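Understanding the architecture of this molecule
Spelled out from the first residue to the last, the chains are:
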Amino acid sequence: MPNRKKKPRFVGPAAGSAVATSLLPQRRSRRLAGKPNGTIALANAVAENILAYLPPEEIMRSRRVCKRWKDAAKKTIVPITTYGFNVNSVRNYNLMVAMSTAMPNLTQLSLGHVDYRTIYDNGEDPDMQRASHTFHSLTPAVAFQDTMSRFRMLRFLELHNAPLNGRYPCLFEFSLLESLEIDDCKYLKWDLEMLRGMPLLKKLCVSGNGEGMTGNINSLRALKNTLEMVDISMIPICSNVVGNFMCLADFPRLENLSLFSSAVTGDIRDIGEQDFPVLNFLHLPKTVVGGDDSKFRRISEISEYVNTVDIIRRQRDGSIFNDYTWHLTDDSPDRYSMDFLDVLRHPAPPFTIEFVQAGLRVGWYWRNDESLADCCELNWLDPEPDRDSVDYERYTEDLKILEFGIYFFKGYHQPPTEREYRLLCEDRSRLRRIVEP
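Residues numbered from 1 in each chain as written. Predicted model: local features only at pLDDT ≥ 70, side-chain atom pairs only at ≥ 80, totals over all residues. Heavy atoms only, no water.

1. Brief notes about the overall build of the protein
Inclusion rule: Numbered from the N terminus, helices here are DSSP runs of H or I no shorter than four residues, and strands are runs of E no shorter than two. Three labels apply to residues, based on accessible area from a 1.4 Å probe with only protein chains included: buried if under 20% of the type maximum, exposed if over 50%, partly exposed otherwise in between. Any pair of residues with heavy atoms lying within 4.5 Å of one another is described as a contacting pair. The protein chains shown are the only cover counted for residues, whose accessible areas, like all others here, come from Shrake-Rupley with a 1.4 Å probe.
Each helix and strand counted, the protein has eleven helices and 22 strands in total. Taking all 437 residues of the protein together, the buried fraction comes to 44%. Here the contacts in the protein between residues at least 6 apart in sequence split such that 62% fall between residues at least 24 apart. For the protein, the exposed surface amounts to about 24600 Å²; the carbon and sulfur share of it is 53%.

2. Structural notes on the sheet that holds strand 7 (residues 156-160)
Defined as follows: Pairing between strands requires that DSSP locate at least two bridges from one strand to the other. Axes here mean lines fitted to C-alpha atoms, for a helix over just the part in contact, with angles spanning 0 to 180 degrees between N-to-C directions.
Read across the sheet, eight strands follow the order 3-4-7-8-10-12-14-16 without closing on themselves; strand pairing throughout is parallel. A single partner strand is all that each edge strand has here, and the edge strands are strand 3 (85-87) and strand 16 (281-283). Neighbouring strand axes in the sheet, compared pairwise and without regard to direction, differ in orientation by 10° on average. The pairing of strand 14 (residues 256-258) with strand 16 spans three bridges and is classified as parallel. Following the sheet pairing, Asn256 is matched in strand 16 by Phe281. The strands touched by helix 5 (residues 90-102) are strand 3 and strand 4 (108-111); relative to strand 3, the strand with the most contacts, the crossing angle is about 125°.

3. Here we look at helix 8 (residues 302-316)
Put simply, the rule is: In this analysis, the expected span of each helix is defined as 1.5 Å times one less than the number of residues it contains.
Taking 1.5 Å of rise per residue, the 15 residues of helix 8 would be expected to cover 21 Å, and the 22 Å separating its terminal C-alpha atoms lies within 8% of that figure. All buried positions along helix 8 are accounted for by Ile302, Tyr305, Val306, Thr308, Val309, Asp310, Ile312, Arg313 and Arg316.

4. Things to note about the confidence of the model for the protein
Detail in the predicted coordinates should be disregarded across regions flagged by low pLDDT. We count it as follows: Each residue carries a pLDDT score, the predictor's own confidence in it, on a scale running from 0 to 100.
Considering every residue of the protein, the mean pLDDT works out to 81; 79% of them sit at 70 or more. Scored below 50 in pLDDT, residues 19-24 makes five contacts in the model with residues more than four places away or belonging to other chains. In this model residues 28-33 is a low-confidence stretch, pLDDT under 50, and it forms ten contacts with partners more than four residues away in sequence or in other chains.

5. Examining the side chain of Arg313
Inspection of the secondary structure puts Arg313 in helix 8. Residue class for Arg313 comes out buried when judged on its relative accessible area of 8%.

6. Section: the sheet that holds strand 19 (residues 325-328)
Adjacent strands of a sheet pair through backbone hydrogen bonds, lying either parallel or antiparallel. Taken together, five strands build an open sheet; the order of strands is 18-19-20-21-22 and the sheet is mixed. Bordering the open sheet on either side are strand 18 (294-296) and strand 22 (379-380), each of which pairs with just one other strand. Where strand 18 meets strand 19, three bridges bridge the pair, whose relative direction is parallel. Residue pairing in the sheet places Ser294 in a bridge with Trp326 of strand 19. Where helix 8 meets the sheet, its contacts fall on strand 18, strand 19, strand 20 (352-358) and strand 21 (361-367), and the angle it forms with strand 19 comes to roughly 170°. Where helix 10 (residues 392-403) meets the sheet, its contacts fall on strand 20, strand 21 and strand 22, and the angle it forms with strand 20 comes to roughly 155°.

7. Section: the pairing of strand 10 (residues 203-207)
The side chains of a regular strand alternate between both faces of the sheet. Here five bridges tie strand 8 (residues 179-183) to strand 10, and the two strands are oriented parallel to one another. Note that in strand 10 the partner of Glu181 across the bridge is Cys205. As paired elements, strand 10 and strand 12 (residues 229-232) share four bridges and run parallel to each other. Each residue of the ladder has a partner; that of Leu204, found in strand 12, is Val230.

8. Description of the packing of aromatic side chains
The line we're drawing: Side-chain rings of Phe, Tyr and Trp (the six-membered ring for Trp) are treated as a pair once their centres are within 6.5 Å; stacked means planes under 30 degrees apart, edge-to-face means over 60, and tilted covers the remaining angles.
Summed over the entire model, instances satisfying the criterion amount to 14 aromatic pairs. An angle of 20° between the planes, with centres 5.3 Å apart, marks the rings of Phe172 and Trp190 as stacked. Here Trp190 lies in strand 9 (residues 190-191) and Phe172 lies in the loop between strand 7 and strand 8, a separation of 18 residues in the sequence. Trp190 matches Phe172 in its accessibility class, with the two residues each being buried. Between Phe245 and Phe276, the ring centres sit 6.2 Å apart and the planes meet at 5°, which makes this aromatic pair stacked. Of this pair, Phe245 sits in the loop between strand 13 (241-242) and strand 14 while Phe276 sits in the loop between strand 15 (266-267) and strand 16, and the two are 31 residues apart along the sequence. The rings of Tyr336, Phe351, Phe408, Phe409 and Tyr421 are connected pair by pair, giving a single aromatic cluster.

9. Things to note about the pattern of salt bridges
Condition: For salt bridges, the criterion is a side-chain nitrogen of Lys or Arg within 4 Å of an Asp or Glu carboxyl oxygen.
Under the definition given, this model contains 17 salt bridges. A salt bridge links Glu304 to Arg269; the nearest nitrogen and oxygen atoms lie 3.0 Å apart. A residue pair is termed long-range when its members are at least 10 positions apart, and Glu304 in helix 8 and Arg269 in the loop between strand 15 and strand 16 qualify at 35 residues. By relative accessible area, Arg269 is classed as partly exposed at 38%. A salt bridge links Arg297 to Asp331; the nearest nitrogen and oxygen atoms lie 3.3 Å apart. One end of the pair, Arg297, is in the loop between strand 18 and helix 8; the other, Asp331, is in the loop between strand 19 and helix 9 (340-345), and 34 residues separate them in sequence. For Asp331, a relative accessible area of 53% gives the class exposed. Bridged by salt links that share partners, the residues Asp310, Arg313, Arg314 and Asp382 form one connected network.

10. Comments concerning the nonpolar core
How we decide: Note on terminology: a nonpolar core comprises buried Ala, Val, Leu, Ile, Met, Phe, Trp, Tyr and Cys residues joined through side-chain atoms within 4.5 Å.
In this structure, Leu109, Leu111, Met148, Trp190, Leu195 and Trp326 are the most contacted members of the largest nonpolar core, which totals 96 residues. Grouped together as the second largest cluster of nonpolar side chains are ten residues, Val356, Tyr365, Cys375 and Tyr392 included.

If you want it as structure tokens, here you go:
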């Protein structure tokens, strides 16, 4: 048989040599130059976007699925929801501690009352009486300040009846924060100057913080280009917040300004046409001349301030002084006393001014302090709306309610003199004797 030619045997490179290694099938690398390749990076981004549609508690559960989801949860910008994440129990506090490392990009957080046995760590300069009272009876929550400092992406922070005592700088160092609400935190101590750590702040609402809040509102000038709302309305009055309200007059975005519970000063007559350009609500304390609950010595002084209010509201096309009340001082020469029997039988003299509104029409009247049903005639600042206008029906309904209290002082647009008031009381008594013999 003819011999078949054998194929020459290929003699490869020695095993382990560089050439041999290059000829082996290459495993597809997940990383290129130390970075995830395009497919993996896209998958991670998709996971982050999916988690962003879930509430915080669900994200914490989802991170158990796999390592990719765990890493995605850590990078996910947690969405802003209606309620956010509310720390109102020990369970939720422990969950917040876990979130601070597993999901630090939380954007909305509400700190509340944990339970009757637990408080947060005392801050700097705590109220010693409060601290001694809670030392043996309550358990401090672990690592509160360290936990809060990890949430660097917070945009909305609410403190509602949170068991805080002292100063907590970590609560005022969120550079992305847009809204800060503090409600009923009696022992929290902080100064308006601390808001410099929140350069993007738009909304500041404080109520029930009492004497723990201090500072000059001039400190808010650091937020001039961002602030849209400042609301300091609390009981008791915060006498440690001072300054002149006009230092905020050039804030271009400020729409709502309520300083009623502060001790700021000023005079509403200082408000010029270019001041507070977009303001639609203004509530000033009685320490401001012309502010809500202000006191005047003479009836004749009122007209100047009413004209000022009218000019300001017309410049802004709104009724920013609605529900303001003014009073005569107790030592006013225009005020007169009443006999004890007169107090029981007749309406008290009308020594209080109130601004009112019927539909879109704004006006004011004098009334007494005891009852809203004993008023003088209305003094309108606006003309009556046209009968064919959309607002006319609402105007007539509101007007009926306002005019219900105009009875005893009907025909008087300002408080009657003492002599006129006595005559009104005598006429009322005479009429009663006739009707009720």
